[in-house]
Amino acid sequence: QVQLVDSGGGLVQAGGSLRLSCEASGAIFRIDGMGWYRQGPGKQRELVATTHRSAGTKYADFGKGRFTISMDNAKNTAYLQMNSLKPEDTAVYYCNAEVFRIGSVASEDYWGQGTQVTVSS
């Protein structure tokens, strides 16, 4: 099995910064991509940023210029650096990973438990 643990959320004032982390562990053969999604109050889950070995890096328009996704392959860990945060960034942020498990013939999607980000005005 594979587990994702995301962390780093918290309460921050508008204009502040946070760095989210997502560590994958378990029977991992290879991680093809990792990403971040968020779900605000009363809203659907939406993509924030992804990084993939073949598809490259993608950002939602609201995050371009403010958010940066990175990945440490040796640690199976992804990061999301969020700067210039706005109240509308308030949401639960979820980590996602596309993982080939040891012995598997296809990749599978895994999700973290979510970390709350609250931006006060």
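Treat the numbers as computed from the prediction; the structure is a model and nothing was measured. (Residues numbered from 1 in each chain as written. Predicted model: local features only at pLDDT ≥ 70, side-chain atom pairs only at ≥ 80, totals over all residues. Heavy atoms only, no water.)

Colleague: Looking at this structure, how should I read the overall build of the chain?
Modeller: Secondary structure assignment for the chain yields 0 helices and 11 strands. The linear arrangement of helices and strands in the chain, starting from the amino end, is β-β-β-β-β-β-β-β-β-β-β. On C-alpha atoms alone, the chain measures out to a radius of gyration of 14 Å, which is about the 14 Å that the 2.2 N^0.38 rule sets for 121 residues. Its C-alpha atoms give the chain principal-axis dimensions of roughly 50 × 25 × 25 Å. Scored against the burial criterion, the 121 residues of the chain give a buried share of 40%. For the chain, the exposed surface amounts to about 6,300 Å²; the carbon and sulfur share of it is 47%. Taking the 12 positively charged and 11 negatively charged side chains of the chain as two groups, their mean positions are separated by 3 Å. (Helix = DSSP H or I, 4+ residues; strand = E, 2+ residues; numbered from the N terminus. Rg over C-alpha atoms; globule rule 2.2 N^0.38 Å. Buried < 20%, exposed > 50% of the residue type's maximum accessible area, 1.4 Å probe, protein only. Areas by Shrake-Rupley, 256 points an atom, 1.4 Å probe, with all protein chains shown as cover. Lys, Arg positive; Asp, Glu negative; His and termini not counted. Charge placed at Lys NZ, Arg CZ, Asp CG, Glu CD.)

Colleague: Would you mind showing me how to read unusual backbone geometry here?
Modeller: Comment: phi is negative for the bulk of residues other than glycine, and the bulk of peptide bonds are trans. Non-glycine residue Asn76 carries a positive phi angle of around 50 degrees. One non-glycine residue, Ser84, lies in positive phi territory at about 50 degrees. Considering the arrangement of structural elements, one finds Ser84 in the loop between strand 8 (77-82) and strand 9 (91-101).

Colleague: For this particular structure, what's the right way to read the sheet that holds strand 7 (residues 67-72)?
Modeller: In a beta sheet, neighbouring strands are held together by backbone hydrogen bonds and run either parallel or antiparallel to one another. Taken in spatial order, the 4 strands line up as 1-3-8-7 in an open sheet, and their pairing is antiparallel. The strands lining the two open edges of the sheet, one partner per strand, are strand 1 (2-7) and strand 7. The mean inter-strand angle of the sheet, taken between neighbouring strand axes irrespective of direction, is 15 degrees. Relative to strand 3 (residues 18-26), strand 1 is paired through 6 bridges, and the arrangement is antiparallel. Residue pairing across strands places Ser7 opposite Ser21, the latter belonging to strand 3. (Pairing = 2+ DSSP bridges. Axes fitted to C-alpha atoms, helices over the stretch in contact; angles between N-to-C directions.)

Colleague: For this particular structure, what's the right way to read the packing of aromatic side chains?
Modeller: Centre distance and the angle of the planes are the two values used to describe a pair of aromatic rings. In this structure the tally under the stated criterion is 2 aromatic pairs. With a centroid separation of 6.4 Å and an interplanar angle of 80 degrees, the aromatic rings of Phe62 and Phe67 are classed as edge-to-face. Accessibility expressed as a relative area gives 25% for Phe62, which makes it partly exposed. Using a relative accessible area of 3% as the deciding quantity, one classes Phe67 as buried. The cationic tip of Arg45 hangs over the ring face of Tyr94; the distance from NZ or CZ to the ring centre is 3.8 Å. (Phe/Tyr/Trp six-rings, centres within 6.5 Å; stacked < 30°, edge-to-face > 60°. Lys NZ or Arg CZ within 6 Å of the ring centre and 35° of its normal.)

Colleague: Teacher, can you tell me more about the nonpolar core here?
Modeller: A general trend in soluble globular proteins is that nonpolar side chains are found buried together. Ranked by internal contacts, the top residues of the largest apolar core, which has 27 residues, are Trp36, Leu80, Met82 and Tyr93. Looking at this core element by element, the count peaks at 5 residues for strand 9. (Core = buried A, V, L, I, M, F, W, Y, C linked by side-chain atoms within 4.5 Å.)

Colleague: Where do I start with the environment of Gly8 in this structure?
Modeller: Structurally, the position occupied by Gly8 is in the loop between strand 1 and strand 2 (10-13). Residues Gly8 and Tyr93, spaced 85 residues apart in sequence, show a C-alpha to C-alpha distance of 9.8 Å. In this view, Gly8 contacts Leu18, Arg19, Leu20 and Thr115; residues no more than four positions away in its chain are not counted. (Contact = heavy atoms within 4.5 Å.)

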